[in-house]
Amino acid sequence: MLSAFDPTTIVVFAALAVLSIMAVTVTFYKIIQFGKLGVGRKAKAETIIDNWLNGRPEEAIRAAGTRDSVLARVLQAVLSGLRARPNDQDYAEELGRQTALVELAAMSQRMRLLEAVVQAAPMLGLLGTVIGMIDAFGTLSTSQGAVDPALLAGGIWTALTTTAVGLAIALVTFFIANWFESRIEGERQSIETLISAAIHGRVDTSAAAR
């Protein structure tokens, strides 16, 4: 009969441990990476656009040249294109788009690993459940007369514990992955808005509200 410490059970728990370590490692990696890339630093980008649209191009280009955030790097590409070819807005927009694609690709690195953890952890938990139930029913099938509940404890423990651990890992990783995805999507929207503003100007929302 299998037990809670059967090699097969240990492999399931070891695999769940590897998945949890992977999720934690990728989470810290993404936090550090987002900080280095400058994800979410929108205030400075807004200042760059304001300077550009209000007739202070040198200040705008100098601020964008620091390249200390995703938005600053995209704006540097756009403003450089507008400065190099003032009458060719498509050129500036294409430079901004290419830079944005590079930045978004960098922000999306390792995200598939988190998605893999979300999908694999419940499956491993289910595998542990099956192993535990096989253990419990195997004990029942070989028993004579009344069954001592203690004999079923190992299989039930394996079934319940692996399921709980697998679901817990998947749920936590799911929320973490969604948080990163929301930040990436927010950065994507900011990029599109700022590229459009740099090339075509801003919409006067206050006038539209009136």
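Note that this is a predicted model, so its numbers are computed, not measured.

Here is what the cut-offs are and how they apply
Residues numbered from 1 in each chain as written. Predicted model: local features only at pLDDT ≥ 70, side-chain atom pairs only at ≥ 80, totals over all residues. Heavy atoms only, no water. Core = buried A, V, L, I, M, F, W, Y, C linked by side-chain atoms within 4.5 Å. Buried < 20%, exposed > 50% of the residue type's maximum accessible area, 1.4 Å probe, protein only. Helix = DSSP H or I, 4+ residues; strand = E, 2+ residues; numbered from the N terminus. Contact = heavy atoms within 4.5 Å. Axes fitted to C-alpha atoms, helices over the stretch in contact; angles between N-to-C directions. Parallel < 35°, antiparallel > 145°, perpendicular 65-115°, else oblique. Left-handed = near helix turned anticlockwise from the far one by under 90°. Nonpolar A, V, L, I, M, F, W, Y, C, P; charged D, E, K, R; others polar. Salt bridge = Lys/Arg side-chain N within 4 Å of Asp/Glu carboxyl O.

Visitor: Can you help me understand the nonpolar core in this one?
Guide: Most often, soluble globular proteins keep nonpolar side chains buried together rather than apart. Counting residues in each nonpolar core, the largest one holds 35 residues, and the members touching the most others are I48, L75, V78, L79, L82, M107 and I191. Of all the elements in the fold, those that place two or more residues in this core are α1 (7-37), α2 (42-53), α3 (57-64), α4 (70-84), α5 (89-107), α6 (111-142) and α7 (149-200). Among the elements that make up this core, the one with the highest residue count is α7 (9 residues). Look past the residues within four positions of V78 in its chain and what remains in contact with it is A92, G96, I195, A198 and I199. Judged by nonpolar contacts, the second largest core, of 10 residues, contains L19, V117, A121 and I169.

Visitor: Help me understand the packing of α2 against α3 in this model?
Guide: A packed helix pair is summarised by two numbers, namely the angle formed by the two axes and the spacing between the axes. The geometry of α2 relative to α3 is characterised by a closest axis approach of 7 Å and an angle of 155° between their N-to-C directions. As summarised for this structure, α2 and α3 are arranged roughly antiparallel, according to the angle between their axes. Of the two possible hands of crossing, α2 and α3 adopt the one that is left-handed. Residue-level contacts link K44, I48, N51 and W52 of α2 to P57, E59, A60, I61, A63 and A64 of α3. The residue inventory of the contact of α2 with α3, partitioned by class, reads 7 nonpolar, 1 polar and 2 charged.

Visitor: So what exactly am I meant to see when it comes to the environment of F34 here?
Guide: Relative to the helices and strands, F34 is located in helix α1. Here the alpha-carbon distance between F34 and V70, two residues 36 residues apart in the chain, equals 9.4 Å. In contact with F34, not counting residues within four places along its chain, are V39, M107, F180, R183 and I184.

Visitor: I tried to follow the pattern of salt bridges on my own but got confused; where do I start?
Guide: Between side chains of opposite charge, pairing is possible as soon as their charged atoms come close. A full pass over the atoms with the stated rule returns 7 salt bridges. Salt-bridge contacts for E103 lead to R73; the nearest nitrogen and oxygen are separated by 2.6 Å. Here the residue E103 occupies a position in helix α5, and R73 occupies one in helix α4, the gap between them amounting to 30 residues. Here R73 falls in the buried class, since its relative accessible area comes to 10%. R85 is the salt-bridge partner of D88, the closest N and O atoms lying 3.7 Å from each other. Given a relative accessible area of 41%, R85 falls into the partly exposed group.

Visitor: Where do I start with the packing of α2 against α4 in this structure?
Guide: Between α2 and α4, whose axes approach to 9 Å, the crossing angle comes to 15°. Taken as axis vectors, α2 and α4 run roughly parallel relative to one another. The handedness of the crossing between α2 and α4 is right-handed. Of α4, the residues touching α2 (which contributes K42, A45, I48, I49 and W52) are L71, A72, L75, L79 and L82.

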